[in-house]
Amino acid sequence: MGVHKMGSILALLGFLFIDALLLSSAYNVHHYSFILRETNFTRLCTTKSMFTVNHTWPGPAIHVRKGDKAFVNVHNNGDYGVTIHWHGVKQPRNPWSDGPENITQCPIKPGKNFTYEVIFSTEEGTLWWHAHSDWSRATIHGAIVILPELGTTYPFPEPYAEHVLILGEWYNGDVKQLIDEATETGADPDVSDAFAINGQPGFPNNCSNDTSYSLSVVPGKTYLLRLINAVMNEEMFFGIAKHNMTVVAQDGAYIKPITTSYIMITPGQTMDILLTANQAASYYYIAATPFFDAEAAYDSTNTSAILKYTGTYTPPTSPAYPTLPNVSDKDAANNFINRIRALASSDHPVDVPKNITKQIIITVSVNEILCANASCGGPNGNRLAASLNNISFSSPTTDILQAYYKNLLDVFEPDFPGKPPHVFNFTGEVDDSKLYPSVGTKAKIIKWGESVEIVFQGTNVLTAENHPMHLHGFSFYLVGTGYGNWDNVTSPKTYNLVDPREVNTIGVPKNGWAVVRFVADNPGVWYMHCHLERHSSWGMDTVIIVLNGNTNDTSMLPPPANLPTCS
Ligand code: C2O
Ligand code: CU
């Protein structure tokens, strides 16, 4: 045996040794390939081409354990640029792979690809991924399932099996055309034609009886349902006929179990639900209906799937349908939401910031932008708009992360106001002069390590509505909500600092307020916006930039080599 060969055997042994070390290291690495392309789908007797991942709608699920890492190669074979966001994944120090178009990256152009490095940390439960370019998320989304670390278990009895249920929205027309037209005219975009559960509208929608999603259950067994609201513009009620559900997690964090006959879930949110098949063996409808409490058009249809018990019996001709709250029943919505508390156990502790070093107060409004000669398609011939602190966000063409990293001027302004520019009775009668926001691309700069409190104040400007506000790069504690105007003396007395839920998307109540807290320990550029897509398109967005700390470990990672270019 020559020296050369001996050397390579040693090298091989060395590799095996390193491999073994890697295998025994704290986390596992997963690889996924997403091919984005147009695919034909038929729903509601309508066939159309949709932009989807790997020919599926919803797209493929990502499965990891807490603290793992996933590399997702996204290859765009479509007709226009797109990006993917890992909703609720904090991506410590790695905004480069967060995804929002023109915020942390420029789009992956047709024919190009980009590999996202998705870094999991404290998340455990269910999250999801979706496109983050215009309205492409309607058809490009899927689940992220995060199991407990090896050697640890759920904080509830091991379920017999698990299923993902994704609430989505079907449009007979082309979604890109729909939002492009609305943006052009300034009008409210058309509403969807149906909701769907795992891509199927189900009963009572015409033409779809034969294609309902069905879930089969063994009598007596308990299932974990991972529910994701990927709907574009409506909050949803959800229930299963004759069955109670026990909600055990929200947004990738455990909560104290809540047993309930219905759920309210906003776009962006996820909920983990235990379901025990404890009723007579039969078929039962699983259904979702909109919760919509505003003066605007919405999709008023219902969607359903079927829960099928295994065994021998005669299936009913019309299975029981769940009784869900009325579309505008905000008390029903709030009664459910207000029950949610963090698990706050020794294995899953809460760590709510108590001494706030940075408070930001943000009004959340729907607005109008004046059009000359009433030439636009929105109310009063104006353009529909929306704002945070009266600034309607205008998306740049070079991403803000790159501009921040390279010190490029004229991409964004770092002066997003820390409080509302005008103070008035936000939730009272509002006169028309308050309708018009200013337009800008502004970011709020926060020092690393600050204990941040954000007060979201809903307003009655143009029309009051619930707003599911979402922040990238963090989860936050929802310490309080209320109706009317937030008050710096009385409101804090109602805060829950003991076991508030840790979430990434919170509903700011219609004509009310919500307060969240978090530690700004993740350096980077992080988008914050309403998860109702029309509001986000209208400018209900801003960017939070958390500066680097003093050490390497508290600073942003370097950019990946193959970031998409902007022009
Ligand atoms: Cu679910 Cu900015 O996103
Ligand atoms: Cu909104």
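Anything mentioned here points back to the structure above.
Here's what I pulled together on the structure shown here. All values derive from a computational prediction rather than experimental measurement.

### Re the coordination of the copper ion (ligand 2)
Phase 1 of the analysis: The copper ion (ligand 2) binds to the protein through His467 (ND1), Cys530 (SG) and His535 (ND1), with metal-donor distances spanning 2.1 Å.
Phase 2 of the analysis: Along the chain, the residues donating to the copper ion (ligand 2) are arranged with the sequence spacing H-x62-C-x4-H. With a gap of 63 residues between them, His467 in strand 26 (residues 467–471) and Cys530 in strand 31 (residues 524–530) connect regions that are remote in the sequence. We note that His467, like Cys530, is buried.

### Considering the sheet that holds strand 18 (residues 283–291)
Phase 1 of the analysis: Here five strands make up an open sheet; going across it, the order is 11-19-18-13-16 and the pairing mixed. If you trace the sheet from one side to the other, it starts and ends with strand 11 (214–217) and strand 16 (263–265), each paired once. Adjacent strand axes in the sheet meet at a mean angle of 25°, parallel and antiparallel pairs treated alike.
Phase 2 of the analysis: With six bridges joining them, strand 13 (residues 235–240) and strand 18 adopt antiparallel strand pairing. Directly across from Phe238, in strand 18, lies its bridge partner Ala288.

### A short note on helix 2 (residues 175–185)
Phase 1 of the analysis: Where helix 2 is concerned, the buried positions are Val175, Leu178, Ile179 and Ala182. Projected down its long axis, helix 2 shows its buried positions confined to an angular sector of 85°, all on one face.
Phase 2 of the analysis: The distance from a side-chain oxygen at the start of helix 2 to the backbone nitrogen of Lys176 is 3.3 Å, and the residue carrying that oxygen is Asp174.
Phase 3 of the analysis: Gly186 lies just past helix 2 and shows a positive phi near 85°.

### Notes on the sheet that holds strand 7 (residues 125–131)
Phase 1 of the analysis: Strand order in the open sheet formed by four strands is 3-8-7-5, with mixed pairing between adjacent strands. Only two strands of the sheet have a single neighbouring strand rather than two, namely strand 3 (62–65) and strand 5 (84–87). Looking at each pair of strands side by side, their axes are set apart by 20° on average, direction ignored.
Phase 2 of the analysis: In the sheet, strand 7 pairs with strand 8 (residues 141–147) via six bridges, with the strands oriented antiparallel. When the sheet's bridge partners are listed, Leu127 is paired in strand 8 with Ile144.

### Brief notes about the packing of aromatic side chains
Phase 1 of the analysis: Tallied over the entire structure, the rule returns 25 aromatic pairs.
Phase 2 of the analysis: Between Tyr160 and Tyr223 the ring centres are 5.7 Å apart and the planes differ by 80°, which places this aromatic pair in the edge-to-face class. Here Tyr160 is found in the loop between strand 8 and strand 9 (161–170), whereas its partner Tyr223 is found in strand 12 (residues 222–229), with 63 residues between them in sequence.
Phase 3 of the analysis: Ring centres of Phe237 and Tyr262 lie 6.0 Å apart, and the angle between their planes is 80°; on these two criteria the pair is classed as edge-to-face. Of this pair, Phe237 sits in strand 13 while Tyr262 sits in the loop between strand 15 (253–260) and strand 16, and the two are 25 residues apart along the sequence. Each member of the pair Phe237 and Tyr262 is classed as buried.
Phase 4 of the analysis: Members of the aromatic cluster, joined through ring pairs, are Phe34, Trp86, Phe114, Tyr116 and Trp129.
Phase 5 of the analysis: One residue, Lys48, lies across the ring of Trp170, its end atom 4.7 Å from the ring centre.
Phase 6 of the analysis: A cation sits over an aromatic face here: Lys330 above Tyr483, 4.9 Å from the ring centre.

### So, the side chain of Thr303
Phase 1 of the analysis: By secondary structure assignment, the location of Thr303 is in strand 19 (residues 303–309).
Phase 2 of the analysis: A polar contact of 3.3 Å, which involves the side chain of Thr303, links it to the backbone oxygen of Phe195.
Phase 3 of the analysis: Within the local environment of Thr303, its side chain forms a polar contact with the backbone oxygen of Pro201, the two atoms lying 2.7 Å apart.

### Looking at the state of the cysteines
Phase 1 of the analysis: A full pass over the atoms with the stated rule returns two disulfides.
Phase 2 of the analysis: In this model Cys106 forms its disulfide with Cys566; the gap between the sulfur atoms is 2.1 Å. Looking along the S-S bond of the Cys106-Cys566 disulfide, the torsion reads about 90°, which is the right-handed sense. Of this pair, Cys106 sits in the loop between strand 5 and strand 6 (113–119) while Cys566 is found in the segment after strand 32 (541–546), placing the two residues 460 residues apart along the sequence.

### Description of the pairing of strand 15
Phase 1 of the analysis: Two strands pair when backbone bridges link them, and strand 14 (residues 245–250) and strand 15 are joined in this way by five bridges, in the antiparallel orientation. Within the sheet, the bridge partner assigned to Thr246 lies in strand 15 and is Thr259.
Phase 2 of the analysis: Connecting strand 14 to the next strand, strand 15, in antiparallel fashion are two residues, including Asp251 with a positive phi near 50°.

Procedures and definitions
Residues numbered from 1 in each chain as written. Chains lettered and ligands numbered in written order. Predicted model: local features only at pLDDT ≥ 70, side-chain atom pairs only at ≥ 80, totals over all residues. Heavy atoms only, no water. Donors = N, O, S within 2.8 Å, 3.2 Å for Na, K, Ca; no water. Helix = DSSP H or I, 4+ residues; strand = E, 2+ residues; numbered from the N terminus. Buried < 20%, exposed > 50% of the residue type's maximum accessible area, 1.4 Å probe, protein only. Pairing = 2+ DSSP bridges. Axes fitted to C-alpha atoms, helices over the stretch in contact; angles between N-to-C directions. Arc of directions from axis to C-beta. Polar contact = N/O pair within 3.5 Å; in protein donor to acceptor, adjacent residues only side chain to side chain. Phe/Tyr/Trp six-rings, centres within 6.5 Å; stacked < 30°, edge-to-face > 60°. Lys NZ or Arg CZ within 6 Å of the ring centre and 35° of its normal. Disulfide = S-S within 2.5 Å.

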